[in-house]
Amino acid sequence: MQTLRLTAEEEGVLGGQDGDGVALAMRVIVSLARIEGAPRLVEITSAHVDSCLYHGQVSLDFAHRLVDLGAKVRVPTTLNVGSMDLIHPELVRDRDLAASGRELMSAYVALGCTPTFTCAPYQLPNRPGLGEHVAWAESNAIVFANSVLGARTDRYGDFLDICAAITGRAPYSGLQTTEARRGTVTFDCRPLGDRFLLSELAYPLLGHHVGSMVGGEIPVLVGIPASAGEDELKAFGAAAASAGGVALFHAVGVTPEAPTLAEAMELPVREVELDTMRETRRALSTFASGELDAVSVGTPHASYAECARLAELLTDGPPLKIPFYLSTGRATRALAEESGVLRTLEAAGVTVVVDTCTYVTAILSPEWKNVMTNSGKWAHYAPGNINVSAVLGSLEECVASARTGRVILEDA
Amino acid sequence: MITGRTLNPGTASGEVVRLTAPLSFWGGTDENGRIIDAHHPQCGVVLAGRVLVMESGRGSSSASSVLAEQIRAHNAPAAIILARPDTIIALGALIAHELYDLTTPVVVVDKPPYDALPTNGLLQVDADPTQARISWSTVTR
C-alpha cells in the first residue's frame, strides 16, 4: 500500500487556510484516498453531483453544514436529478418529500452548482473531453463520461461528489489511472446481425446482458455499427451500469479508447446470440401482455433528438388512451419549447417531467400497476422503487400501446 | 484478539451478527436497521446496535446516505467489520462522524483472521487511526 502524498497547497487547505468548509471537504477526499491506497490526489476540471437527491435528514444536514461553513465549488459543477420537478411542482404527490427535495436542491445551488438537474449532463455544452480528469456521480453519467467521451472518472457517489467539486480534487485511483482502463473481456456481437444491431432495443438489451455477465470487469464490444449514436450508447451504458456496476466499456471502431479488433479478440471472448437477447427481454419485463396503466420514457433523460422523434410519432394517428410520461432535462425542454416539439408533445397528452425522474420520486399514481418503458434502467429499478410491473418496448411500441391501452409488441 | 485496518475510527462493543452474503444498505435495510432485502439469506435480522461482520457491501453509492442516516437515528450497527475495504460504507460512517460526532468504527480484517471471528457472543472493537483491535470472550448462548 502506497502512502498518500499531498501537495503544499492541499496540506494548506486541509489545515484550514481557505476556510472550514473546504477543509471539511478535503478531509473527506483525503480519507477516501487513504482507504483506496491512492498515491496522490488529481486535479479535476468538472464535477457532476448526485447528492442533491433526498435520502433523509442526513442529506440536508450535510448540504447545510457545507453552506454554513462557507464552502463553494471550485470547478464547473452540474447537478443530477433531485426529488422534485421545480418547473411542474404539482407533479410530485408527496408534500413532505417535495418540500425536503426542494430545500436540498436549493442548498446545492447555494454551494455554486449549476441547476441543471439532469442525469444526462453529457447532453449539455462544455462537456469534458478525452483524457480529462473529472469527478462525476450517477452510474449512467459515469459510464458515458468514461466510455463515450474518454474523460476519466471513478465511481463517485453521495457526499464524495460535492467534496471533489469543492476541493477540485479526487483520489488518483481506480479509473483515473491509465492502467485500470483497459478492456478485460470481449463480447462479440457480430452473430446478432445488423438488422438487430440497428434496432433501438438492441442497446438496453445488450447493456443489461453485458452488465449481468461482467461484474467489475471492463467489457469490449465487437460488431457495434459505426452509426451507433450517443442515444444508443447512453441506453447501453445505463442498462449495463444498473445491471452490473459497469463504469467503463469500449466499442471497437466506435468509442475513443477502444482497442483494435485484433487486440479485442485476444481477450477472453463471449459470443452474443439472438436467443440470449430474447431471454434478456423476457427477464427485464415483469409482465408481457394485457392492460397497461401508463407509459414512461426518458430514462436516462431524453435527448432533444429523442423528444423530436416522439413528437414525430405522435403527430398523426389516434389519441393516447393512457398517461404517457417523458422525463428530460430542463435545458432540453427549453430547446423543445423553442422549436415547437414541446407543443406537439403536450398537445398529444404527454406529461413532460424535468429535474427528476418518474422512478425516483412520487409521480406515478400508486394505483397503477402495469407500466411500459423503453429503458432497461427503468425496467430494472422501477419494480423495487415504486412497486410497479414493467414491460420493455421500443419507443414505437410504447406509442402504439399507449394508443390502445394494451401492450402491443411487434415481434413478441 | 486480532488486529485489522481502520477505515473509520471509534470504539464500540455489541453482540455479533455475521452475514453470509454481502448487503446493500440502500434497498437492503429499513430505517430501523432491519434487513429487508427479500433475496438476502438473513432477511429480517436486525443490525441496530450489533457488531456487523460481513465480507463486503454491495451496490449503489446511495448506501452511504442510508448508513449515515441510520447512525444519526441511532439505528445503525455499533461497528462494522469487513474482509475487503468498502469506500461506500466507510464514507457513510465518516460523514456521520463529521456531522453528528457519532463514531461507528469500520474495520477491515484480512483473511484468514476474518474467518476466525466468532459468530455469536460479544465483540469489542477499538479502532484508532493506525490500527484496529478486535477482542471477544466466547459466550455460549
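Residues numbered from 1 in each chain as written. Chains lettered and ligands numbered in written order. Predicted model: local features only at pLDDT ≥ 70, side-chain atom pairs only at ≥ 80, totals over all residues. Heavy atoms only, no water.

Peer 1: How should I be thinking about the nonpolar core in this particular structure?
Peer 2: A general trend in soluble globular proteins is that nonpolar side chains are found buried together. Residues and elements named next belong to chain A. Counting 112 residues, the largest nonpolar core has Phe 62, Tyr 108, Ile 162, Leu 206 and Ile 224 as the members making the most contacts within it. With nine residues, the top contributor of residues to this core is helix α2 (residues 20-36). Non-local contacts of Leu 206, meaning those with residues more than four positions away in its chain, are made with Cys 189, Leu 192, Leu 197, Ile 224, Phe 236, Val 272 and Met 277. Ranked by size, the runner-up nonpolar core spans 27 residues in total, among them Leu 292, Leu 326, Leu 395 and Val 399. (Core = buried A, V, L, I, M, F, W, Y, C linked by side-chain atoms within 4.5 Å. Buried < 20%, exposed > 50% of the residue type's maximum accessible area, 1.4 Å probe, protein only. Helix = DSSP H or I, 4+ residues; strand = E, 2+ residues; numbered from the N terminus. Contact = heavy atoms within 4.5 Å.)

Peer 1: Explanation requested: the pairing of strand β7 (residues 132-137) of chain B in the structure shown.
Peer 2: The side chains of a regular strand alternate between both faces of the sheet. Residue and element names in this part refer to chain B. For strand β1 (residues 2-8) and β7, the ladder comprises three bridges, and the chain directions are antiparallel. Paired with Gly 4 across the bridge in β7 is Ala 132. When strand β6 (residues 122-127) meets β7, the two strands line up antiparallel, connected through six bridges. Bridging across to β7, Ala 127 finds its partner in Ala 132. (Pairing = 2+ DSSP bridges.)

Peer 1: Help me understand the interface of chain A and chain B, please; the structure alone is not making it clear to me.
Peer 2: By convention, interface size is frequently given as the accessible area that disappears when the constituent parts associate. Of the residues lining the interface, 22 residues belong to chain A; the matching set on chain B comes to 19 residues. Taken together, the two surfaces of chain A and chain B that pack against each other cover about 1,900 Å², and 64% of this comes from carbon and sulfur. At the boundary of chain A with chain B, the tally comes to one salt bridge. For Glu 98 of chain B, the salt bridge identified is with Arg 27 of chain A, shortest N-O distance 2.6 Å. At the boundary of chain A with chain B, the tally comes to 10 residue pairs in polar contact (both at pLDDT 80 or more). The set of elements that each furnish at least two residues to the side of chain A that touches chain B consists of α2, α3 (57-68) and α15 (376-386) of chain A. When grouped by side-chain class, the residues that make up the side of chain A that touches chain B number 10 nonpolar, six polar and six charged. (Buried area = accessible area lost by both parts, 1.4 Å probe. Salt bridge = Lys/Arg side-chain N within 4 Å of Asp/Glu carboxyl O. Polar contact = N/O pair within 3.5 Å; in protein donor to acceptor, adjacent residues only side chain to side chain. Nonpolar A, V, L, I, M, F, W, Y, C, P; charged D, E, K, R; others polar.)

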